[in-house]
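# Report on the structure
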Amino acid sequence: MKTVSLKWLAVVLPTFSSWVVSSAMTMTTTNSNNNRVAVVTGASRGIGRGIAVELGKAGYTVYALARSTRSKPGLLVDQRAVADGLDLTVESVAEAITAAGGIGRGMYVDMSQDESIEGAFERIAEETGGRLDVVVCSAFTTPLQEKLRGDFWNQSMNMWDVCNGVGLRSTYATCRVAAPIMIETANKQNDERKRPPLLCCISSFGGKSYTFNVAYGVGKAGVDRMAQDMGYQLKKYGVATTVLYPGLVKTEANLQMVVDGTWDEASGNLDLSTGETPEFTGKAIVALANLGVDDMMDRSGNVEVVAELAKELQFTEEDGSVPPSIRSLKYLLPNFVFPAIEKESGKPVPGWIKNNIPDYLVPWSTFSSGPPPEADTR
């Protein structure tokens, strides 16, 4: 009986102590963020909304910037369809941020208009006394009038203008007006454990490897390089930058495409059910923003993969899972390699192989060498 008890303690105590440490870290993080201010663009829907709510959960005052507002109901002309009844407005995300434990501030901002962006940040600086700890550039859109996949010579210039207008250009415009406020914030820091202001750009694996079309990939690669170069210039002022690559994300619009039957063609038959939630990227930003000044400045300007950060910084989806990185064999083999093998051979890949794929990350040099094989289109 004594032996059983000791074995039980050997199992339970490490788990219990980990829970205590994790809970303490969570409470410390939340409490220490009560005065911190964040701005998220494209915050009314998709990844931006998930990020904004997670920052609220961590105790931030979050300014949620977007064009969708209750004062102008209905979809905008360039917005993808979502399920009926969803309230994806700056007002609703502000309410969600507050309900999660933060302070939500919804602001109508047209990210395609410089004056709208500048006016928003002037107001934010005035309301916060010049404090700005985290800025997340998540606004992005694509033209609905033509298919995202296609040869560049068959696509109109609108593909370039839309992808890289509200995308690359608006990210630059946002960072340009945010940087002086963040530099001022870094200069004023006097808390015990300094955490540098963080400028975060949401990009995608399209910045490293061919995805969708030429205009899309060039825009994402531009965001990556822009964050790197901004990081170089901002480092001496104590402001960090980062680029985040989410994986396949279960946004409201992507989920609706599954319902409408258009997802397979648009995505190349990728399995959205195994994708990440928008909140998962938010957890990554909260974790990065909580790093000390030395740790964060050492990685400033880097491209970070959300799923890979989850393992390093120890956060998960709400159900405790961690989706694989898109450059992991656990993602690449089931989505691209196995379907190609099965199509060519006419036989299924054995289950013992499918169920024992190592979580090995393909080196960036290999991943960036070209597009993955075409997914099975049966």
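Heads up: these notes are all about the structure in this document.

## A look at the pairing of strand E4 (residues 134–137)
Because side chains alternate across E4, one face comprises the buried residues Val134 and Val136, and the other comprises Val135 and Cys137, equally buried. As paired strands, strand E1 (residues 37–41) and E4 are joined by three bridges and run parallel to one another. Bridge pairing in E4 places alanine 38 opposite valine 134. With four bridges joining them, E4 and strand E5 (residues 198–202) adopt parallel strand pairing. Bridging across to E5, valine 135 finds its partner in leucine 199.

## A word on the nonpolar core
Counting 48 residues, the largest nonpolar core has Val39, Leu65, Phe121, Leu132 and Val135 as the members making the most contacts within it. When residues in this core are grouped by element, the largest group, ten residues, is from helix H5 (residues 157–188). Residues Ala52, Val136, Ala284 and Leu288 belong to the second largest nonpolar core, which totals 36 residues.

## Regarding the pattern of salt bridges
Enumeration according to the criterion identifies 19 salt bridges in this entry. Among the ionic pairs, arginine 299 bridges to glutamate 304, the shortest N-O distance being 2.8 Å. The two residues arginine 299 and glutamate 304 agree in class, both being buried. Shared partners join several salt bridges into a network, and the residues in it are Glu54, Lys57, Lys283 and Glu318.

## So, the sheet that holds strand E2 (residues 61–66)
With parallel pairing, the seven strands of this open sheet are ordered in space as E3-E2-E1-E4-E5-E6-E7. With one partner strand each, in any of the chains shown, strand E3 (103–108) and strand E7 (303–305) form the two edges of the open sheet. Sheet twist, expressed as the mean angle between neighbouring strand axes with direction ignored, is 20°. Its contacts with the sheet put helix H11 (residues 306–313) on strand E6 (240–245) and E7, and the angle it makes with E7 is roughly 80°.

## As for the packing of aromatic side chains
Following the criterion strictly, the structure yields ten aromatic pairs and no others. In this structure, lysine 208 packs its charged tip against the face of tryptophan 364, placed 5.2 Å from the ring centre. Over the face of the ring belonging to tryptophan 364 we find arginine 327, whose NZ or CZ atom lies 4.2 Å from the ring centre.

## Quick notes on helix H9 (residues 278–289)
The end-to-end C-alpha separation of H9 is 17 Å, in line with the 16 Å expected for twelve residues at 1.5 Å each. Turning to H9, its buried residues number three or more, namely Pro278, Phe280, Thr281, Gly282, Lys283, Ala284, Ile285, Val286, Ala287, Leu288 and Ala289.

## Observations regarding helix H6 (residues 214–234)
Between its first and last C-alpha, H6 extends 30 Å over 21 residues, near the 30 Å set by a 1.5 Å rise per residue. Those residues of H6 that sit buried are Ala215, Tyr216, Gly217, Gly219, Lys220, Val223, Asp224, Met226, Ala227, Met230, Gly231 and Leu234. Of the surrounding elements, those touching the buried residues of H6 are H5, E5, E6 and E7. Two or three places before alanine 215, at the opening of H6, asparagine 213 has a side-chain oxygen 3.0 Å from that residue's backbone nitrogen.

## Thoughts on the packing of helix H4 (residues 114–128) against H5
Following both chains from N to C, one finds H4 and H5 inclined at 25°, their axes separated by 10 Å at the closest point. Regarding the angle of H4 to H5, the classification is roughly parallel. Here H4 and H5 pass one another in a crossing that is right-handed. Contacts between H4 and H5 pair Asp114, Ile117, Glu118, Phe121 and Ala125 from the former with Arg169, Ser170, Ala173, Thr174, Arg176, Val177, Ala178 and Ile181 from the latter. When the residues that make up the contact of H4 with H5 are grouped by side-chain class, the tally is seven nonpolar, two polar and four charged.

## Some words on a nonpolar patch on the surface
A contiguous nonpolar surface patch, about 780 Å² in accessible area, is contributed by Phe152, Trp153, Met157, Trp160, Tyr210, Val214 and Val218. Mapped onto the secondary structure, valine 214 falls in helix H6. A relative accessible area of 37% means that valine 214 is categorised as partly exposed.

## Focus: unusual backbone geometry
Phi at phenylalanine 212 takes a positive value of approximately 70°, unusual for a residue other than glycine. Secondary-structure assignment places phenylalanine 212 in the loop between E5 and H6. With phi around 65°, glutamine 314 is a residue other than glycine that occupies positive phi space. Structurally, glutamine 314 is set in the loop between H11 and helix H12 (329–345).

Parameters at a glance
The written sequence of each chain sets the order in which its residues are numbered from 1. In keeping with the predicted nature of the model, local features appear solely for residues at pLDDT of at least 70, side-chain atom pairs appear and are counted solely at 80 or more, and the whole-chain, interface and lining totals rest on all residues. Based on all heavy atoms of the structure, the side-chain values leave hydrogens and waters out of the count. Whether a residue is buried, partly exposed or exposed follows from its accessible area with a 1.4 Å probe, protein chains only, as a fraction of its type maximum: under 20%, in between, or over 50%, in that order. The secondary structure listing takes helices from DSSP runs of H or I that are at least 4 residues long and strands from runs of E that are at least 2 residues long, numbered from the N terminus. Two strands qualify as a pair provided that DSSP identifies no fewer than 2 bridges between them. Only buried residues count toward a nonpolar core, which is a set of Ala, Val, Leu, Ile, Met, Phe, Trp, Tyr and Cys residues joined through side-chain atoms within 4.5 Å. What counts as a salt bridge is simple: a side-chain nitrogen of Lys or Arg found within 4 Å of a carboxyl oxygen of Asp or Glu. Where helices are involved, their axes are fitted lines through C-alpha atoms of the stretch in contact, as for all axes, and angles between N-to-C directions lie from 0 to 180°. By the convention used here, residues are in contact when the closest approach between their heavy atoms is within 4.5 Å. For this analysis, a ring pair means two rings from Phe, Tyr or Trp (six-membered ring only for Trp) whose centres lie within 6.5 Å, classed as stacked if their planes differ by under 30 degrees, edge-to-face if by over 60, and tilted for the remaining angles. Two conditions define a charge located above a ring, namely a distance within 6 Å from the ring centre to NZ of Lys or CZ of Arg, and an angle within 35 degrees of the ring normal. What a helix should span is 1.5 Å times the count of its residues minus one. The definition of a polar contact used here is a pair of N or O atoms within 3.5 Å, where within protein one atom must be able to donate a hydrogen and the other to accept one, and adjacent residues in sequence count solely through side-chain atom pairs. The labels follow the angle: roughly parallel below 35 degrees, roughly antiparallel above 145, roughly perpendicular from 65 to 115, and oblique for the rest. The sense of a crossing depends on the near helix, which, turned anticlockwise from the far helix by less than a right angle, makes the crossing left-handed and, turned clockwise, makes it right-handed. Any residue outside Ala, Val, Leu, Ile, Met, Phe, Trp, Tyr, Cys, Pro, Asp, Glu, Lys and Arg is labelled polar, Gly included; the first ten of those are nonpolar and the last four are charged. Patches here are clusters of residues that have more than 30% relative accessible area and form no salt bridge, with a 9 Å joining cutoff for like charges and a 5 Å cutoff for nonpolar side chains (Val, Leu, Ile, Met, Phe, Trp, Tyr). Note on areas: these come from Shrake-Rupley sampling with a 1.4 Å probe, and a residue is covered only by the protein chains present in the view.

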